[in-house]
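Coordinates in review
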Amino acid sequence: MTANPGLHPRPGALAIDAYVPGKSKAPAGVRLHKLSSNETPLGPSPKAIEAFRAAAGSLEIYPDGSSTALREAIARAHGLDPARIVCGAGSDELLSLLAGAYLEPGDEGLFTEHGFLVYKIAILAAGGTPVVAPETSLTADVDALLARVTARTRIVYLANPNNPTGTYLPFDEVKRLHAGLPASTLLVLDAAYAEYVRANDYAAGIELVSASENVVMTRTFSKVFGLASLRIGWLYGPEGVVDALNRVRGPFNVSGPAIAAGAAAAADRAHIEAAVDHNARWLTEITEGVRALGLEVTPSVANFVLIHFPREAGRSAADADAFLTARGLILRAVGAYGLPDALRLTIGSEEANQAALAALADFVKGGDRG
């Protein structure tokens, strides 16, 4: 097909490297353990499944455009004002809506060097200029971020905990970052993995949002709640930001079944606690087990670990990826994040975790690479 020379997207759109999700298939005849997308091995709450099935009887009806039941369920779970919550088709949509609402061509969006890939995509799609701050020990560095703030910086994305490294900033550091930003800069705290964190010095950002006019926090139902397929995200922010997003988002951007399932999931504390407990146990066992094999693991507070491999023929991350895939263990290659020598392993079921440790042990020992 011949390109139309008079019809073309804005330059920022053509500069985007399309997001490539993790692999999800194993060789034929091999038991699949998908450990590439940070999904919960416990699946969704039975109450969420029941609510989803009940919603199937009214698929011909448009959903509530305000996601009222979902916002109220989230507000009850966290002690928030539902009027300051916006729901979206995954937190990805909200991250992009924020860029679209607050960036003009020439404005800058700032994030850390191993931050979530969607930040750069959202900034470029909005016509903004991405600015990257280096990290220290694979962790966001407040001083490096502040050093790159200019008069054109309109938005700062901070994944806390960060994906794919699993590292985090203590809340005091987050507050220091905010204190160093001008009032005209929006700080976006992406807390997709907040439920998993058990560190005493961590906070997702609710307190800072409540006390500020230029901070928002985004969360997701795709991780600990096990509703990734339904694409549910939410944002807590100041009234002005909430008003702007409600003006630019789609009128029915969250489906009826998603609203029903999300509201039920938010209320099932026992299921969430079981998922967090499972993760806490296996995060420790996987980290210690992989380190015992002589491989470096970045300390993680999320539901995944970043495993580093040497740059040696037969022992590299690419070699390990091929070796594990042949055995049905699908991990996430993170070269797109600037980490070509690492693989990200999601904490899975007990069976999957044990299989991963056993396969990694075989790989390190130089077992059959076929």
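Here the structure is a predicted model, which means the values were calculated and not measured.

What counts, and where the lines are drawn
- Within each chain, residues carry numbers counting from 1 in the order of the written sequence.
- Owing to the predicted nature of the model, reporting of local features is limited to residues with pLDDT of at least 70; listing and counting of side-chain atom pairs is limited to 80 or more, with chain, interface and lining totals taken over all residues.
- Hydrogens and water are ignored here; the side-chain numbers use all heavy atoms of the structure.
- UniProt positions are given in the numbering used here, feature names are shortened, and annotations may be inferred rather than shown by experiment.
- Elements are defined by DSSP. Helices are runs of H or I of four residues or more, strands are runs of E of two residues or more, and each kind is numbered from the N terminus.
- Partly exposed describes any residue whose relative accessible area lies between the buried limit of under 20% and the exposed limit of over 50%, with all areas from a 1.4 Å probe on protein chains only and scaled to the type maximum.
- Only heavy atoms enter the contact rule, under which two residues are in contact if any of them lie within 4.5 Å.
- Domain segmentation is taken from an automatic or database assignment of domains.
- Throughout, the accessible surface (probe 1.4 Å) given up by two parts as they are put together, summed over both, is called the buried area.
- For two strands to be treated as a pair, DSSP must find at least two bridges joining them.
- Structural elements are reduced to axes, namely lines fitted to C-alpha atoms, with helices fitted over the stretch in contact, and the angle between N-to-C directions of any two is expressed from 0 to 180 degrees.
- The definition of a right-handed crossover adopted here requires that, viewed with the strands pointing away, the path from the first strand over the helix to the second runs clockwise.
- Two rings from Phe, Tyr or Trp (for Trp, the six-membered ring) form a pair when their centres are within 6.5 Å of each other. A pair whose planes differ by under 30 degrees is stacked, one over 60 is edge-to-face, and the rest are tilted.
- Any Lys NZ or Arg CZ found within 6 Å of a ring centre and within 35 degrees of that ring's normal is scored as a charge over the ring.

1. A few points about the UniProt feature "modified residue: N6-(pyridoxal phosphate)lysine" (unreviewed entry) in the chain
Feature annotation in UniProt assigns "modified residue: N6-(pyridoxal phosphate)lysine" (unreviewed entry) to the following positions: K223. Position of K223 relative to the elements: it lies in the loop between β7 (215–220) and β8 (233–236). Since its relative accessible area comes to 15%, K223 is described here as buried. Among all residues touching K223, those that are not within four sequence positions of it are S37, N38, T40, A192, Y193 and Y196.

2. Some thoughts on the domain arrangement of the chain
According to the domain assignment, the chain contains domain 1 (30–43 + 270–368) and domain 2 (46–268). Here domain 1 and domain 2 have C-alpha centroids that lie 26 Å from each other. Listed by partner, the interface residues are 27 residues for domain 1 and 27 residues for domain 2. Summing both partners gives a buried area of about 2300 Å² for domain 1 against domain 2, and 64% of it is carried by carbon and sulfur. Per-residue buried area on domain 1 facing domain 2 is highest for I272, V301 and Y337; these three make up 31% of the total on that side.

3. Examining the sheet that holds β8
Pairing is mixed across the open sheet formed by seven strands, whose spatial order is β2-β8-β7-β6-β5-β3-β4. Each edge of the open sheet carries a strand with a single partner, namely β2 (85–88) and β4 (129–133). Here the average twist between neighbouring strands, direction ignored, is 20 degrees. Of the strands in this sheet, β2, β6 (186–190), β7 and β8 touch helix α9 (residues 239–248), which is tilted by about 30 degrees from β2.

4. Examining helix α12 (residues 317–326)
Those residues of α12 that sit buried are A317, A320, D321, F323, L324 and T325. Buried-residue contacts for α12 involve β11 (329–330), β12 (332–333), β13 (342–346) and α13 (350–364). Trailing α12 by a residue or two, G328 shows a phi angle of about 85 degrees, which is positive.

5. Observations regarding the pairing of β4
Alignment of strand β3 (residues 108–112) against β4, held across five bridges, turns out to be parallel. Following the sheet pairing, L110 is matched in β4 by V131. Handedness of the crossover joining β3 and β4 through helix α5 (residues 117–125): right-handed.

6. Quick look at the side chain of S316
Mapped onto the secondary structure, S316 falls in the loop between β10 (304–308) and α12. With relative accessibility at 16%, the residue S316 sits in the buried group. Excluding anything up to four places from it in sequence, S316 contacts F309, P310 and F363.

7. Quick word on the packing of aromatic side chains
Counted according to the given criterion, the structure contains nine aromatic pairs. Sitting above the plane of the F323 ring, R327 keeps its charged end 3.8 Å from the centroid. A cation over an aromatic ring shows up here: R344 above the ring of F304, its NZ or CZ 5.7 Å from the ring centre.

8. Some remarks on the environment of L80
Following the sequence through the fold, L80 ends up in the loop between α3 (68–78) and β2. Spatially, the C-alpha atom of L80 lies 9.1 Å from that of S210, the residues being 130 residues apart in sequence. Residue contacts for L80: discarding those within four places in its chain leaves A75, I85, I206, W234 and Y236.

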